[in-house]
Amino acid sequence: MANTNSQNVNKAVVYAKPGTVETEVQSLEIPEPGPGQILVKITHSGVCHSDLGVCMQAWPALPFPTQKGQVGGHEGVGEVVKQGSNVTSPSVGSRVGIKWLADVCNNCTSCLENDDNTCANQKISGYYTPGTFQQYVVTSASYATPIPDNLESPAAAPILCAGLTVYSGLKKCNASSGNWIVVSGAGGGLGHLAIQYAARAMGLRVIAIDHGSKEELCKECGAEVFLDFTKYNDEKLVEAVKKTSGGRGVHAVIVTSAANKAYEQALKFLKPQGTLVCIGMPEGEPVPIQSAFPAIITMNQFRITGSAIGNRREAIEALEIASRGLVKCHYRLEKMEKLSSIFEEMHSGKLQGRVVLEMWD
């Protein structure tokens with residue numbers, strides 16, 4: 001086994017009071033990998049809005065309440081330091097990533113259809129499976145994602161969820177190179193990556209919608225047009241989108257915002273036969289899309305699709321694009337002790353880009 005730490009202690013940050021943003025740093029035992037598993041020494045872990053949702057118990061759709069003491073996190077990058085029995089790959093010393101889906105069964109109907117997201121026996125990192133907000137994690141050897149050699153670990157971490165999620169969503173949006181799309185919530189952790197994958201990897205033309213404080217970030221990421229939603233009422237915002245995109249509307253809207261209002265507006269931005277891709281997860285009691293009248297959807301032949309995370313192949317593709325320098329996550333580094341304050345910043349909507357935790361001092 002490679003070097004772990006001299007105190008034989010696994011430092012972790014846990015959810016101390018689910019339903020709030022309160023977290024606590026604890027010392028846990030270093031776990032042992034079982035058959036088919038690897039032990040990963042985590043160096044960096046991105047902080048995702050999903051972590052906030054699980055910590056605050058803000059998603060009624062989740063089947064069980066979050067447990068006190070849950071170790072969150074699902075954007076972890078680190079080094080393999082030990083293999084369980086029957087494991088030959090990934091090798092000790094190699095870097096891997098741990099995603100929202102920590103493992104799937106590979107046997108159920110969903111898995112056989114290459115739909116990892118609805119696996120009947122999936123394990124979710126940071127929700128009833130110990131997550132990556134800790135220094136050592138045991139995970140599936142076959143489901144861990146290899147990290148490209150020329151991609152630094154803190155830059156790779158957010159790609160494992162935020163990057164993968166928007167990349168998979170963009171592949172579902174039915175837009176072709178040169179088409180206009182809207183990214184709603186464009187200056188956030190998911191949104192600023194969606195702009196880059198769309199504009200730099202897929203050749204799409206992007207209208208970014210967010211608060212005015214995020215205009216510089218969005219344009220730096222490749223948005224051709226930025227619209228500050230605080231300066232428009234709904235009608236004028238629709239007019240601005242359609243004027244920019246040639247009059248009929250955009251080919252697709254990618255909603256990365258967690259606001260119900262963003263979904264209500266989205267269908268109005270679309271051209272006939274356009275596609276709404278639902279990614280952002282509003283918190284609190286579920287609310288239907290207020291503009292989704294069957295007659296309007298039918299007459300305009302709109303498509304509405306959901307996109308949750310992505311599969312193993314898409315994770316490798318998303319990382320490869322980032323390794324070529326086409327996509328760069330805007331992030332800042334923080335220590336795990338700051339997780340509660342990061343959650344507060346995220347909940348207030350003030351966070352630009354992403355935060356990545358450094359797991360070692």
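What you are looking at is a predicted structure, and each value in this text was computed from that prediction instead of being measured.

K.L.:
Kindly report on the packing of aromatic side chains, identifying the contributing residues and their values.
P.N.:
The full count for this structure, using the stated rule, is five aromatic pairs. Between Y167 and Y197 the ring centres are 5.5 Å apart and the planes differ by 45°, which places this aromatic pair in the tilted class. In this pair, Y167 is assigned in helix α4 (residues 162–171) and Y197 in helix α5 (residues 191–201), connecting sequence segments 30 residues apart. Of the aromatic side chains, those joined through ring pairs into one cluster are F64, Y127 and Y128. Directly above the ring of W360 sits K41, whose terminal nitrogen or CZ lies 4.6 Å from the centroid.

K.L.:
Can you tell me about the environment of S45, naming the residues and giving the values?
P.N.:
Relative to the helices and strands, S45 resides in strand β3 (residues 37–47). Owing to a relative accessible area of 0%, S45 belongs among the buried residues under this scheme. Measuring from C-alpha to C-alpha, the distance between S45 and V253 comes to 29 Å, with 208 residues separating the pair along the chain. Beyond its immediate sequence surroundings of up to four residues, S45 is in contact with G73, E75, G76, T132, F133, A157, V355, V356, L357 and M359.

K.L.:
Give a description of the layout of surface pockets that names residues and reports values.
P.N.:
If you add up the space inside the largest pocket, you get close to 1200 Å³. Lining of the largest pocket is provided by 47 residues; of these, T256, S257, A258, G280 and M281 occupy positions nearest its centre. At the level of secondary structure, the elements contributing two or more residues to the lining of the largest pocket comprise α1 (49–55), β11 (205–210), α8 (260–269) and α11 (339–347). Examining the composition of the lining of the largest pocket, we find that four residues originate from one element, α8, more than from any other. Classifying every residue of the lining of the largest pocket by side-chain character gives 23 nonpolar, 19 polar and five charged.

K.L.:
Before we move on, could you go through the sheet that holds strand β10 (residues 180–184) and cite the residues and values that matter?
P.N.:
The six strands lie next to each other as β12-β11-β10-β13-β14-β15, forming an open sheet whose pairing is parallel. Of all strands in the sheet, those bounded by a partner on one side alone are β12 (225–228) and β15 (303–306). Here the strands of the sheet are splayed against their neighbours by 20° on average, with no regard to which way each runs. As judged from the four bridges shared by β11 and β12, these two strands associate in the parallel manner. Within β12, the position partnered with D210 by the bridge is D228.

K.L.:
An account of the pattern of salt bridges is requested, with residue identities and associated values reported.
P.N.:
Here the idea is simple: oppositely charged side chains can pair when their charged atoms come close. Here the structure, examined in full by the defined rule, presents 17 salt bridges. A salt bridge links K11 to D361; the shortest N-O distance between them is 3.7 Å. On the criterion of sequence distance, the pair formed by K11 in strand β1 (residues 10–15) and D361 in the segment after β17 (354–358) is long-range, its members being 350 residues apart. Between K261 and E264 there is a salt bridge whose closest N-O contact spans 3.8 Å. Of this pair, K261 and E264 are both found in helix α8, three residues apart, which corresponds to roughly one turn of the helix. Three or more residues are tied together by salt bridges with common partners; here these are R332, E334, K338 and E345.

K.L.:
If you had to explain unusual backbone geometry to someone new, which residues and values would you point to?
P.N.:
Cis geometry is found at the peptide bond from S89 to P90, where omega equals 0°. For P90, the position within the fold is in the loop between β4 (76–83) and β5 (95–98). Here Y128, not a glycine, exhibits a phi torsion of approximately 65°, which is positive. Tracing the sequence through the fold places Y128 in the loop between β7 (123–124) and β8 (136–140).

K.L.:
Got a sec to walk through the nonpolar core? Specific residues and values, please.
P.N.:
By size, the foremost hydrophobic cluster in this structure holds 47 residues, and its most contacted members are I38, V47, F133, L339, F343 and L357. Where this core is concerned, the elements lending two or more residues are β1, β3, α1, β5, α11 and β17. Counting residues in hydrophobic clusters, the runner-up holds 41 residues, among them L151, I159, I181 and A186.

K.L.:
Please set out the environment of Y143 residue by residue, giving values where relevant.
P.N.:
Locating Y143 in the fold gives a position in the loop between β8 and β9 (145–146). By relative accessible area, which is 2% here, Y143 ends up buried. Between the C-alpha atoms of Y143 and A102, which are 41 residues apart in sequence, the distance is 6.8 Å. Ignoring any residue separated from it by four or fewer positions in sequence, one finds Y143 in contact with K99, L101, A102, D103, V104, D116 and R312.

Rules used throughout
- Residues numbered from 1 in each chain as written.
- Predicted model: local features only at pLDDT ≥ 70, side-chain atom pairs only at ≥ 80, totals over all residues.
- Heavy atoms only, no water.
- Phe/Tyr/Trp six-rings, centres within 6.5 Å; stacked < 30°, edge-to-face > 60°.
- Helix = DSSP H or I, 4+ residues; strand = E, 2+ residues; numbered from the N terminus.
- Lys NZ or Arg CZ within 6 Å of the ring centre and 35° of its normal.
- Buried < 20%, exposed > 50% of the residue type's maximum accessible area, 1.4 Å probe, protein only.
- Contact = heavy atoms within 4.5 Å.
- 1 Å grid on protein atoms, 1.4 Å probe; cavity = no way out; pocket = protein on both sides within 12 Å on 5 of 7 lines; lining within 4 Å.
- Points joined across faces, edges and corners; volume = space filled by probe spheres on them.
- Nonpolar A, V, L, I, M, F, W, Y, C, P; charged D, E, K, R; others polar.
- Pairing = 2+ DSSP bridges.
- Axes fitted to C-alpha atoms, helices over the stretch in contact; angles between N-to-C directions.
- Salt bridge = Lys/Arg side-chain N within 4 Å of Asp/Glu carboxyl O.
- Core = buried A, V, L, I, M, F, W, Y, C linked by side-chain atoms within 4.5 Å.

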